Amino acid sequence: MRRISLLISFVLAAALAAVPPALAAGPGTSIGPDGAPGTMLAPGSLRASGPSGAGSFTFYGSGFGHGIGMSQWGAYGLASRGWSSTKILTHFYSRSKIGRPASPVRNIRIGLTYDRTKIHLGARHGAVRLWIGKPGGTLVARIPNGQDWTVRSPASGYAIRNEAGKLVGGKTWGGTGFNLYATYADTGARVFVPEADAIWGRGFTYNRGHLEFNLYRCPGGCLQRLIIPLGFEEYLFGIGEMPSSWPMAALETQAVAARTYATYQVKHHGLRSGCNCHLSDGADDQVYVGWSKETGADGNRWMAAVKHTRGRVVTFNGAPIQAFFAASDGGHSEDVENVWHGGDPAYRIPYLRGVCDPGEGVPANPWTDWSYSFSASTLSSRLAPYTGGVGTVTGFPKVKRGSSGRVIRATVKGTGGSAVVSGWELRGALGLPDDRIWVNENRNITGKIRTKYDGLACKPGLPTSPVVTMPGGARQKFQTGGIFRNNGADATVWLKGPIYTEFMNVGGAGGKLGLPTSAAGGVPGSSGRRALFETGRIYWSGQTGARALWGLVLAEYLSRGAAAGALGFPTKRVHRVGGKATADFQHGTIACADGGACTVS
């Protein structure tokens, strides 16, 4: 099972001060439970890891995580626009539906920690009882409210010591065939376990289910693992994958995705022998923070989202899917086989296809535009485990990308040879948040151009240039055309096809026409089109192609009814003939002397 990596850190409210950021399903990154972006893994804090300049490499990127399936920031943005949870989920998971499994999961076992020789237990809001054999079996002791005891595994049993350090009962209890159990929920108590928090190490508190201790790798000093068996829906109440303050549709989206992910894992993989659990509570699956989530800021909203979506999962052909999700996809998710399998079509999954994510570009998302710089020597040493002896890295001459722009594989050229690395290897070696990256050229889509791009549902394709600022606006080139920002006209325009080609042929925004002032539109009474610019126009028809007009020639043309008049569409752009600005049309010619009169023939 492949899963998500580390994610956005959040400054938590006082009630959640001990709760770390959460993780999500799949090997990548996701959002934390509650609060605003903090400093751990904030993009600004990791912007540079080496000098920038000659002999250095800067990686410009967007996104945080593996980019497969649902983006949590995308869900946030789309929910803010009024999208329902169903619409969001079926957008990110292609060709999917929302339904209920024929045989829903009723119970689940979550691994909290393992390979321990000592585990602490703290009683909160009441006493915690310890039992051998089963909950309600042989009573060992009661941990008084407010006290913290320890459970060690010295040889073949549990050595339980109270707050004073005394061995409870004067002996070890249980063994490999007799588990230790802690109960608390039946009396309204809580139990605190610092070792269960593998992210920040501050610990989590639990109010549901009970705790089960297992011994293994005995004799000669046993190791312990800790599991919490829960009712399946109870488990979802403690999922710490998204801030509870987010829009309700986003919370419902997360609840359905989390339920789907867990359902798939239980049904397809059952109990995992290594942990004696169905899922872990953190880096291997999705984070479970228990009572801390329910009672944190706006925890009632998260619980309402779980209850409102009870039993609902994402399905494909009637079966629950592998509902991978991550924090930010950078504006476009990716085909699963391109991220983890080098583009091998044998690993294609119909519902995990790359899709445009128009919700990502919200101001609160810190992962829309980041950069990391490395000296050539640092870059070479970090990549060496994957490239071998290629010497000092000098460039990346070939890069194969997926539909989102993520690197599938890249050729690394060095002073001593070349090697090919996957995007996943490149990301891991350099500690990048994502592998949707551009080397030494910032092609990230930002500002008003990003807003327009999102509104176009990514139709312009991948960027082929940086955002370039110019007097009065900016422009960026794409696989299909370019997007131009005109500040004075408060217009952001996508030009494509023959009109875009003609525009670039006359100098683009810095040429005869200036910046566009409106999108291309139809010409009344014809099938042609026209685009308006600061100092000119471009007309197109199927018979004449696209032709640019400006200056006195354009003014005369407009005075005679333009394309709807007797002249028809232009067949040649403005050019000089005999010292005059001239343009040819379907039914005539306009020639204008510099600063003088125009003649029409």
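**Focus: the nonpolar core**
Here is step 1 of the chain: Ranked by internal contacts, the top residues of the largest apolar core, which has 107 residues, are Tyr93, Leu121, Ile160, Tyr206, Leu211, Tyr235 and Phe396.
Here is step 2 of the chain: It is helix H4 (residues 248-269) that provides the largest number of residues to this core, a total of 10 residues.
Here is step 3 of the chain: When sequence neighbours within four positions are dropped, the list of residues in contact with Tyr93 reads Gly69, Met70, Ala257, Val314, Ile321, Ala323, Phe324, Phe325, Tyr351 and Leu352.
Here is step 4 of the chain: Listed in part, the 34 residues of the second largest apolar core include Ala548, Trp550, Tyr557 and Cys592.

**What about the sheet that holds strand S32 (residues 536-541)?**
Here is step 1 of the chain: Across the sheet, 4 strands lie side by side as S30-S31-S32-S33; this open sheet has antiparallel pairing. Two strands in the sheet have a free side with no partner beyond their single neighbour: strand S30 (521-522) and strand S33 (545-550).
Here is step 2 of the chain: Where helix H12 (residues 551-559) meets the sheet, its contacts fall on S32 and S33, and the angle it forms with S33 comes to roughly 105°.

**Describing the environment of Gly568**
Here is step 1 of the chain: Assignment of secondary structure puts Gly568 in the loop between H12 and strand S34 (575-577).
Here is step 2 of the chain: Separated by 11 residues in the primary sequence, Gly568 and Tyr557 place their C-alpha atoms 9.5 Å from one another.
Here is step 3 of the chain: Beyond its immediate stretch of four places on either side in the chain, Gly568 contacts Tyr557, Ala562, Ala563, Phe585, Gln586 and His587.

**Some thoughts on the pattern of salt bridges**
Here is step 1 of the chain: For the structure shown, the criterion picks out 18 salt bridges.
Here is step 2 of the chain: Two residues, Asp148 and Arg124, come together in a salt bridge whose shortest N-O distance is 3.0 Å. Of this pair, Asp148 sits in strand S10 (residues 148-152) while Arg124 sits in strand S7 (residues 118-124), and the two are 24 residues apart along the sequence.
Here is step 3 of the chain: The exposure class of Arg124 is partly exposed, given its relative accessible area of 24%.
Here is step 4 of the chain: It is possible to trace a salt-bridge network through shared partners that takes in Arg208, Glu234 and Glu294.

**Some words on H4**
Here is step 1 of the chain: Under the 1.5 Å per step criterion, the end-to-end length of H4 is 31 Å for 22 residues, consistent within 8% with the ideal 32 Å.
Here is step 2 of the chain: The element H4 is largely enclosed, with a buried count of 18 among its 22 residues.
Here is step 3 of the chain: Following H4 by one or two positions, Gly270 has its phi on the positive side, about 60°.

**Quick look at the packing of helix H8 (residues 376-387) against helix H9 (residues 423-430)**
Here is step 1 of the chain: Where H8 contacts H9, the axes come no closer than 9 Å and their chain directions differ by 135°. When the interaxial angle is binned, H8 and H9 end up oblique. When the axes of H8 and H9 are compared, the crossing they make is right-handed. Contacts between H8 and H9 pair Leu379, Arg382, Leu383 and Tyr386 from the former with Glu425, Leu426, Ala429 and Leu430 from the latter.
Here is step 2 of the chain: Here the residues of the contact of H8 with H9 are counted per class, giving 6 nonpolar, no polar and 2 charged.

**Remarks on the state of the cysteines**
Here is step 1 of the chain: On inspection of all chains with the given rule, the structure shows 4 disulfides.
Here is step 2 of the chain: Cys218 shares a disulfide with Cys222; S-S distance 1.8 Å. Given an S-S torsion of about 135°, the disulfide between Cys218 and Cys222 has right-handed geometry.
Here is step 3 of the chain: At a sulfur-sulfur separation of 1.9 Å, the disulfide partner of Cys592 is Cys598. One quick way to see it: the torsion about the S-S bond of Cys592 and Cys598 is about 110°, and its sign makes the bridge right-handed.

**Focus on the environment of Arg576**
Here is step 1 of the chain: As for its placement among the helices and strands, Arg576 is situated in strand S34.
Here is step 2 of the chain: As a C-alpha pair, Arg576 and Cys592 span 16 residues in sequence and 9.5 Å in three-dimensional space.
Here is step 3 of the chain: The residues contacting Arg576, other than those within four sequence positions of it, are Ala581 and Asp594.
Here is step 4 of the chain: From its side chain, Arg576 meets the backbone oxygen of Gly579 in a polar contact 2.7 Å long.
Here is step 5 of the chain: At a separation of 2.9 Å, a polar atom in the side chain of Arg576 contacts the side chain of Asp594.

**Structural notes on the confidence of the model for the chain**
Here is step 1 of the chain: The share of residues in the chain with pLDDT of 70 or more is 91%, and the mean pLDDT across the chain is 91.
Here is step 2 of the chain: A low-confidence stretch, residues 1-24 (pLDDT under 50), is modelled with 142 contacts involving residues beyond four sequence positions or located in other chains.
Here is step 3 of the chain: Confidence drops under a pLDDT of 50 for residues 34-52, and excluding neighbours within four residues, the segment shows 57 contacts in the predicted structure.

**Section: unusual backbone geometry**
Here is step 1 of the chain: Its identity is not glycine, yet Asn440 carries a phi of approximately 60°, on the positive side.
Here is step 2 of the chain: By the secondary structure assignment, Asn440 is in the loop between strand S25 (437-439) and helix H10 (447-455).
Here is step 3 of the chain: In this model, Ala562 sits at a positive phi of 55°, which is unusual for a non-glycine residue.

**A few points about the pairing of strand S9 (residues 138-143)**
A regular strand places its side chains so that they alternate between the two faces of the sheet.
Here is step 1 of the chain: Examined bridge by bridge, strand S8 (residues 128-132) and S9 share 5 bridges and lie antiparallel to one another. Within the sheet, the bridge partner assigned to Leu130 lies in S9 and is Ala141.
Here is step 2 of the chain: Where S8 folds back onto S9 in an antiparallel hairpin, the turn is made up of 5 residues, including Gly133, whose phi is positive at roughly 95°.

**So, the sheet that holds S25**
Here is step 1 of the chain: Pairing is antiparallel across the open sheet formed by 3 strands, whose spatial order is S21-S3-S25. The sheet is open, and its two edges are formed by strand S21 (370-375) and S25, each paired on a single side. Ignoring which end each strand starts from, the neighbouring axes of this sheet average 20° apart.
Here is step 2 of the chain: Two elements, strand S3 (residues 56-61) and S25, share 3 bridges in a ladder whose sense is antiparallel. Looking at S25, one finds that Gly61 is bridged to Ile437.

**A closer look at the side chain of Asp434**
Here is step 1 of the chain: Among the secondary structure elements, Asp434 is positioned in the loop between H9 and S25.
Here is step 2 of the chain: With relative accessibility at 0%, the residue Asp434 sits in the buried group.
Here is step 3 of the chain: Side-chain polar atoms of Asp434 contact the backbone nitrogen of Phe64, separated by 3.4 Å.
Here is step 4 of the chain: Residues in contact with Asp434, not counting those within four places in the same chain, are Ser62, Gly63, Phe64, Gly65, Ser328, Trp370, Arg406 and Arg427.

**Section: the pairing of S7**
Here is step 1 of the chain: Of the strand pairs in this sheet, S7 and S10 are connected by 5 bridges, and their pairing is antiparallel. What sits directly across from Lys118, in S10, is Arg152.

**Let's talk about the packing of aromatic side chains**
In this description, an aromatic ring pair is defined by two values, namely the gap between the centres and the angle between the planes.
Here is step 1 of the chain: Applying the stated criterion across every chain, the model contains 22 aromatic pairs.
Here is step 2 of the chain: With a centroid separation of 5.8 Å and an interplanar angle of 75°, the aromatic rings of Phe59 and Phe374 are classed as edge-to-face. Taken as a pair, Phe59 in strand S3 and Phe374 in strand S21 lie far apart in primary sequence, 315 residues in all. The two residues Phe59 and Phe374 agree in class, both being buried.
Here is step 3 of the chain: Pairing Phe484 with Tyr500 gives two aromatic rings, centres 6.4 Å apart and planes at 45°, and the pair type is tilted. Taken together, the residues span a long stretch of sequence, with Phe484 in strand S28 (residues 482-486) and Tyr500 in helix H11 (residues 497-505) at a distance of 16 residues.
Here is step 4 of the chain: Here the aromatic cluster, defined as three or more aromatic residues joined through ring pairs, consists of Phe57, Phe59, Phe374 and Phe396.
Here is step 5 of the chain: Positioned above the aromatic ring of Trp302, the side-chain terminus of Lys293 is 5.4 Å from the ring centre.

The rules behind these values
Residues numbered from 1 in each chain as written. Predicted model: local features only at pLDDT ≥ 70, side-chain atom pairs only at ≥ 80, totals over all residues. Heavy atoms only, no water. Core = buried A, V, L, I, M, F, W, Y, C linked by side-chain atoms within 4.5 Å. Buried < 20%, exposed > 50% of the residue type's maximum accessible area, 1.4 Å probe, protein only. Helix = DSSP H or I, 4+ residues; strand = E, 2+ residues; numbered from the N terminus. Contact = heavy atoms within 4.5 Å. Pairing = 2+ DSSP bridges. Axes fitted to C-alpha atoms, helices over the stretch in contact; angles between N-to-C directions. Salt bridge = Lys/Arg side-chain N within 4 Å of Asp/Glu carboxyl O. Expected span 1.5 Å × (residues − 1). Parallel < 35°, antiparallel > 145°, perpendicular 65-115°, else oblique. Left-handed = near helix turned anticlockwise from the far one by under 90°. Nonpolar A, V, L, I, M, F, W, Y, C, P; charged D, E, K, R; others polar. Disulfide = S-S within 2.5 Å. Polar contact = N/O pair within 3.5 Å; in protein donor to acceptor, adjacent residues only side chain to side chain. pLDDT = per-residue confidence, 0-100. Phe/Tyr/Trp six-rings, centres within 6.5 Å; stacked < 30°, edge-to-face > 60°. Lys NZ or Arg CZ within 6 Å of the ring centre and 35° of its normal.

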